[in-house]
Amino acid sequence: MTNTGAYTYLDYAASTPLDPRVLDAMRPYFLDHFGNASSIHRLGQVAEAAISEAREVISALLGGEECQLIFTSGGTESDNLALRGIIDAWTSPGLPRILTTPVEHSAVLGTARHLADQGRCALDLLPVDRYGMVAPDDVRRAIRKDTALVSVIYANNEVGTINPIQEIGQICREMGIPFHTDAVQAAAHLPINIHDENIDLLSLGAHKFYGPKGVGALFVNHRLRLTAQISGGKQEMGMRAGSSPTPLIVGLAEALKISRLDLTSRNSNFAEMRGWLIDQVLQKVDRAVLTGHPVFRLPNHASFAFQQVDGSRLLMLLDARGFACSSGSACKVGTPAPSEVLTSMGFTKDWALGGLRVTVGKDTRDDDLERFAAVLPELINAARRSD
Ligand SMILES: Cc1ncc(COP(=O)(O)O)c(C=O)c1O
């Protein structure tokens, strides 16, 4: 029911609909080639061959041929495996440190905090600028000899800012520190190259680029030692036990392949729509700012903060008027908590409670955004707090 006219989906950063071509590629592995990829018989071999081919396709598309590619259940598990796997494999004396940012997705930040709370690592957070961007020099300054891992989000889910990953990777490489990036949002839009960008560990998840939910991947540089987090069988080179979900893995590879076709023309189309929307919102709504970087941002991503607006209420009003959007903030009705991403970028609570994220996708049409821009000012007024 995406964009039926009665209801308009503008939340592609949260998830995307499955591309029918991806479903076609997956179907035979649900129905005909259903064998367990670990089985010796020919049905198992067919499944195993499909998984190997998917591994090769994904590695080639992302320049990760020199890495181990571990299939997981999604971005969250990939992030967990990267952080926990590195910390658990630490053998030097003393407590390992994780160096990350306050603008990570909770799959990274929540995991790092959990490890620190359990006394399994120390945690350092890098500063970010008012756009939520990390400065490579700050990474250089913050690395210590007990830093076990640097983890910096590639492109922020809430405000769309793209970090200077290649430079940060270069610094980590020079200083001999493993570098992880959560590319769950970025992989859908940017021509990432793991080798060229000095990335040691990279997380992705298929449902952000028109692939199936429940599958993701973690690239791991061959020279790193990681401790597996799920024990059992020897699947995924012993790094992730459990029968492999062949159809989902095939779907991940197919979705990534398709997303790489026409990337440039699709991105410029998205950026044009997104740019128009940003101009409209900033013109029509008072006490509104764009959040995230004005230039270095995901092409399909517009995000705003509105002063004295209840972000959750705004989302409910938008939903009632037929628009699916997101705030990206953790605020819940009744227990408002300002977005940590926005507060770490310097926004006061007064603004950080009123975040809105609008993300366009392949079914978005110009008139969807025109209708959206026409109703938004009235709904912002209705969601504006009087206190
Ligand atoms: C930047 C980022 N990292 C991790 C995740 C979690 O990914 P998944 O939903 O595949 O577990 C998300 C999902 O929104 C995300 O945006």
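Residues numbered from 1 in each chain as written. Predicted model: local features only at pLDDT ≥ 70, side-chain atom pairs only at ≥ 80, totals over all residues.

(A) Quick look at helix α4 (residues 106-117). When we look at burial in α4, the residues that qualify are Ala107, Val108, Leu109, Thr111, Ala112 and Leu115. On its buried face, α4 sits against α3 (75-88), β3 (97-100), β4 (122-125), β5 (147-151) and β6 (179-182). Looking at the residues trailing α4, positive phi occurs at Gly119, about 75°. (Buried ≥ 20, exposed ≤ 12 C-beta atoms within 10 Å, placed from the backbone. Helix = DSSP H or I, 4+ residues; strand = E, 2+ residues; numbered from the N terminus. Contact = placed C-beta atoms within 7 Å.)

(B) Quick look at the sheet that holds strand β9 (residues 288-290). One open sheet holds the three strands; their spatial order is β9-β10-β12, and the pairing between them is antiparallel. Both outer strands of the open sheet, β9 and β12 (355-359), are each paired with one neighbouring strand and no more. In this sheet, adjacent strand axes meet at a mean angle of 25° when their direction is disregarded. Bridge count for strand β10 (residues 301-306) against β12 is five bridges, and the pairing is antiparallel. Paired with Phe304 across the strands is Leu356, a residue of β12. Across the face of the sheet, helix α8 (residues 263-284) comes into contact with β9, β10 and β12 while running at roughly 15° to β10. (Pairing = 2+ DSSP bridges. Axes fitted to C-alpha atoms, helices over the stretch in contact; angles between N-to-C directions.)

(C) Fine view of the domain arrangement of the protein. Each assigned domain of the protein is listed with its residue range as follows: domain 1 (8-16 + 262-383) and domain 2 (20-260). Between the C-alpha centres of domain 1 and domain 2 there is a distance of 27 Å. The interface of domain 1 with domain 2 comprises 24 residues on the first partner and 24 residues on the second. Put simply, the parts of the chain that give the side of domain 1 that touches domain 2 at least two residues each are α8, β10, α10 (340-344) and β12. A per-element tally of the side of domain 1 that touches domain 2 places α10 first, with three residues. (Domains from an automatic or database assignment.)

(D) Region of the structure containing the packing of helix α9 (residues 311-320) against helix α12 (residues 366-383). Viewed as axis vectors pointing N to C, α9 and α12 meet at an angle of 135°, and their least axial separation amounts to 9 Å. As far as their axial angle goes, α12 and α9 are oblique. Relative to α12, α9 is oriented so that their crossing is right-handed. Two secondary-structure elements touch here, α9 through Arg313, Leu314, Leu317 and Leu318 and α12 through Leu379, Ile380, Ala382 and Ala383. Class assignment of the residues belonging to the contact of α9 with α12 gives a composition of seven nonpolar, no polar and one charged. (Parallel < 35°, antiparallel > 145°, perpendicular 65-115°, else oblique. Left-handed = near helix turned anticlockwise from the far one by under 90°. Nonpolar A, V, L, I, M, F, W, Y, C, P; charged D, E, K, R; others polar.)

(E) Spatial organisation of the packing of helix α2 (residues 42-61) against helix α7 (residues 246-260). Contact pair α2 / α7: the axes reach a minimum separation of 9 Å and the direction vectors enclose 30°. With respect to α7, the element α2 is oriented roughly parallel. The element α2 and its partner α7 pack so that their crossing is left-handed. Mapping the contact onto sequence places Ala47, Ala50, Ile51, Ala54, Val57, Ile58 and Leu61 in α2 and Thr246, Ile249, Val250, Leu252, Ala253, Leu256, Lys257 and Arg260 in α7. Considered class by class, the residues forming the contact of α2 with α7 number twelve nonpolar, one polar and two charged.

(F) Region of interest: the site of the ligand. The immediate surroundings of the ligand are formed by 13 residues, with Gly74, Gly75, Thr76, Asn157 and Gly205 found nearest. Looking at the shell around the ligand, the element that brings in the most residues is α3, giving three residues. Classifying every residue of the shell around the ligand gives three nonpolar, eight polar and two charged. (Near = placed C-beta within 6 Å.)

(G) Structural detail: the environment of His114. With respect to the element layout, His114 can be found in helix α4. On a C-alpha basis, the gap between His114 and Arg84 in space is 10.0 Å, while along the polypeptide they are 30 residues apart.

(H) Spatial organisation of helix α1 (residues 20-31). Taking 1.5 Å of rise per residue, twelve residues should cover 16 Å, and α1 covers 16 Å from first to last C-alpha, within 8% of that figure. Those residues of α1 lying buried are Val22, Ala25, Met26 and Tyr29. End-on view of α1: buried residues confined to an arc of 85°, all on one side of the axis. Exposed positions of α1 whose direction lies more than 90 degrees from the buried face are Pro20, Asp24 and Leu31. Residues of α1 that are buried make contact with α2 and α7. (Expected span 1.5 Å × (residues − 1). Arc of directions from axis to C-beta.)

(I) Quick look at the nonpolar core. Counting residues in hydrophobic clusters, the biggest one holds 112 residues, and the most contacted among them are Leu83, Ala217, Phe219, Ile249 and Leu252. It is α7 that contributes the most residues to this core, seven residues altogether. The residues touching Ala217, leaving out its near neighbours within four places in the chain, are Ile58, Leu69, Ile70, Phe71, Thr72, Ser78, Leu204 and Leu252. (Core = buried A, V, L, I, M, F, W, Y, C linked by C-beta atoms within 7 Å.)

(J) Summary view of the pairing of β4. In this structure, β3 lies alongside β4, joined through four bridges in parallel fashion. When the sheet's bridge partners are listed, Ile98 is paired in β4 with Leu123. Taking the sense of rotation as the criterion, the β-α-β connection linking β3, α4 and β4 turns out right-handed. (Right-handed = clockwise from strand over helix to strand, strands pointing away.)

(K) Structural detail: the environment of Phe34. Within the secondary structure, Phe34 is located in the loop between α1 and α2. Expressed as a C-alpha distance, the spacing of Phe34 and Pro247, which sit 213 residues apart in the sequence, is 8.5 Å.

(L) A look at unusual backbone geometry. Residues other than glycine seldom take positive phi values, yet Asn198 does so here, at roughly 60°. Turning to its location among the elements, Asn198 is positioned in the loop between β6 and β7 (201-205). Among the residues examined, Asn198 registers 19 C-beta atoms within 10 Å and is labelled partly exposed.

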